[in-house]
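# Secondary and tertiary structure notes
Each chain, written out:
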Amino acid sequence: MSDHAEHVPPAAFLDLLHAQRVWDTELPAFDPESAPSAPLPLFRVWFAGAVAAGQTEPHAMSLATVDAEGLPDVRTLLLHGADERGFHFATHATSAKGHQLAAHPHAALGFYWPAQGRQVRVRGPVLRCTTAESHADLHARSTGALAAALTGAQSEVVGSVAELHRTADAAWERATAEPDTEAPTWTRYVVEPAEVEFFQGDARRRHIRLRYRRAGDRGGAGTEGAGWTRELLWP
């Protein structure tokens, strides 16, 4: 059925909501004592595990920022890289999140991989990458990604679906004909982690939460012995 074909009464909605179950599969074990001394190696292992488990879009993540009034804002986008600098993503500097990051360059990321009952949370300052890195980021992706970057002014009001379609079709044609074309406001960002938390779900609710916190000088997200403190949290 289409999204607007039927009305779902409140009681029926609650029945649907309460009927949902989580982790109807065997979950992997996680021994925090065996975890590495820095978060990046563990993130890479967990990401590979999510891919192997068939997790849909494991590179999708939530990005939380704050607006000019200090109110939280969140959206889902894709991870573009995870290295010693931090966790990378990209957007238009002129978008809502771009403006928010310019005013308050801190953010939080959230990954959820239900196929394994796992979450990863990241918090830290956000840095803009170079123009060259932003250009390379855009052109390493698909024609559709370039077309999307060339479509309209992200986060601004559009007059109609018809206008959206006309502009998107024109952008697709341009991206196909001119694959090296620039999108001047396209910007790659990196969240430099101050905290990274790994959550392993458990069917009996004995969830394991392992948090890494920076302690002392910054040594990179993945540098061993770079001043990371590890601690277990109550679920």
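Here, the structure is the one placed above.
Note that this is a predicted model, so its numbers are computed, not measured. (Residues numbered from 1 in each chain as written. Predicted model: local features only at pLDDT ≥ 70, side-chain atom pairs only at ≥ 80, totals over all residues. Heavy atoms only, no water.)

### Details of the overall build of the protein chain
The condition that has to hold: Strands are runs of DSSP state E lasting at least 2 residues, helices are runs of H or I lasting at least 4, and numbering of each runs from the N terminus. A simple rule labels every residue: compare its accessible area, found with a 1.4 Å probe on the protein chains alone, to the largest value its type can have, and call it buried under 20%, exposed over 50%, or partly exposed in between. Every residue pair with non-hydrogen atoms within 4.5 Å of one another is taken to be in contact. A 1.4 Å probe and the Shrake-Rupley method give the accessible areas. Residues count as covered only by the protein chains that appear here. We score Asp and Glu as negative and Lys and Arg as positive, and we do not count His or the chain ends. Charge positions come from single atoms, namely NZ of Lys, CZ of Arg, CG of Asp or CD of Glu.
Scanning the protein chain from terminus to terminus reveals 6 helices and 10 strands. Once the C-alpha set of the protein chain is aligned to its principal axes, its extents read approximately 55 × 55 × 40 Å. Each of the 235 residues in the protein chain was classed as buried or not, and the buried ones make up 38%. Taking contacts inside the protein chain between residues at least 6 apart in sequence as the whole, the part at least 24 apart equals 66%. Here the protein chain displays about 13600 Å² of accessible surface, and carbon together with sulfur accounts for 55% of that area. Within the protein chain, one finds 22 positive and 29 negative side-chain charges whose respective centroids are separated by 7 Å.

### Description of the environment of Arg118
Tracing the backbone shows Arg118 in strand β6 (residues 118-128). A sequence separation of 68 residues divides Arg118 from Ala50, and the C-alpha atoms of the two residues are 8.6 Å apart. Excluding its chain neighbours within four sequence positions, the residues that come into contact with Arg118 are Pro28, Ala29, Trp46, Phe111, Tyr112, Trp113, Phe199 and Gln200.

### Some words on the packing of aromatic side chains
Each pair of aromatic rings is reported with the distance of its centres and the angle of its planes. To keep things clear, this is the line we draw: Aromatic rings from Phe, Tyr and Trp, with only the six-membered ring used for Trp, were paired whenever their centres fell within 6.5 Å, and each pair was classed as stacked if the ring planes differed by under 30 degrees, edge-to-face if by over 60, and tilted otherwise. Two conditions define a charge sitting above a ring: the NZ of Lys or the CZ of Arg must be within 6 Å of the ring centre, and it must be within 35 degrees of the ring normal.
A full pass over the atoms with the stated rule returns 12 aromatic pairs. Between the aromatic rings of Phe30 and Trp46, the centroid separation amounts to 5.1 Å while the plane-to-plane angle is 80°, which identifies the pairing as edge-to-face. A residue pair is termed long-range when its members are at least 10 positions apart, and Phe30 in the loop between α1 (10-19) and α2 (39-52) and Trp46 in helix α2 qualify at 16 residues. Accessibility assignment for this pair places Phe30 and Trp46 in one class, buried. Ring plane angle 15° and centroid distance 5.4 Å describe the contact between Phe89 and Tyr189, whose orientation is recorded as stacked. You can see Phe89 sitting in strand β4 (residues 86-92) and its partner Tyr189 sitting in strand β7 (residues 186-191), a full 100 residues away along the chain. In terms of burial, Phe89 and Tyr189 fall into one category: buried. An aromatic cluster is built from Phe30, Trp46, Phe198, Tyr212 and Trp228, whose rings are joined through pairwise contacts. Seen from the ring of Trp46, Arg118 lies directly overhead, with NZ or CZ sitting 4.1 Å from the centre.

### Some points on helix α3 (residues 96-103)
For clarity, the cut-off: As used here, the arc is the angular range of directions from the helix axis to the C-beta atoms.
Listed in full, the buried residues belonging to α3 are Lys97, Gly98, Gln100 and Leu101. Taken around the axis of α3, the buried residues stretch over an arc of 165°, which confines them to a single face. Facing away from the buried side of α3 by over 90 degrees, the exposed positions are His99, Ala102 and Ala103. In this structure, the buried side of α3 is in contact with β1 (60-66), β2 (72-78), β4, β5 (106-113), β6 and β7.

### As for the nonpolar core
The condition that has to hold: For this analysis, a nonpolar core means a set of buried residues of the types Ala, Val, Leu, Ile, Met, Phe, Trp, Tyr and Cys, connected via side-chain atoms within 4.5 Å.
Judged by nonpolar contacts, the single largest core of 31 residues is most densely connected at Leu42, Phe43, Phe89, Leu109, Phe111, Val120 and Phe198. Listed by contribution, the elements that provide at least two residues to this core are α2, β1, β4, β5, β6, β7, β8 (195-200) and β9 (208-214). Among the elements that line this core, the one with the most residues is α2, at 5 residues. Beyond its immediate sequence surroundings of up to four residues, Leu109 is in contact with Met61, Ser62, Leu63, Phe87, Val120, Arg121, Val122 and Val191. Ranked by size, the runner-up nonpolar core spans 10 residues in total, among them Ala90, Ala147, Leu150 and Ala183.

### So, the pairing of β5
The condition is simple: DSSP calls a pair of strands paired once it identifies at least 2 bridges connecting them.
Side-chain alternation along β5 places Ala107, Leu109, Phe111 and Trp113 on a buried face and His106, Ala108, Gly110 and Tyr112 on a face that remains uncovered. Summarising the sheet, β1 and β5 pair through 3 bridges and their orientation is antiparallel. From the neighbouring strand, Ala64 faces β5, where its bridge partner is Ala108. Between β5 and β6, which pair antiparallel one after the other, the connecting turn spans 4 residues, and Gly117 there sits at a positive phi close to 65°.

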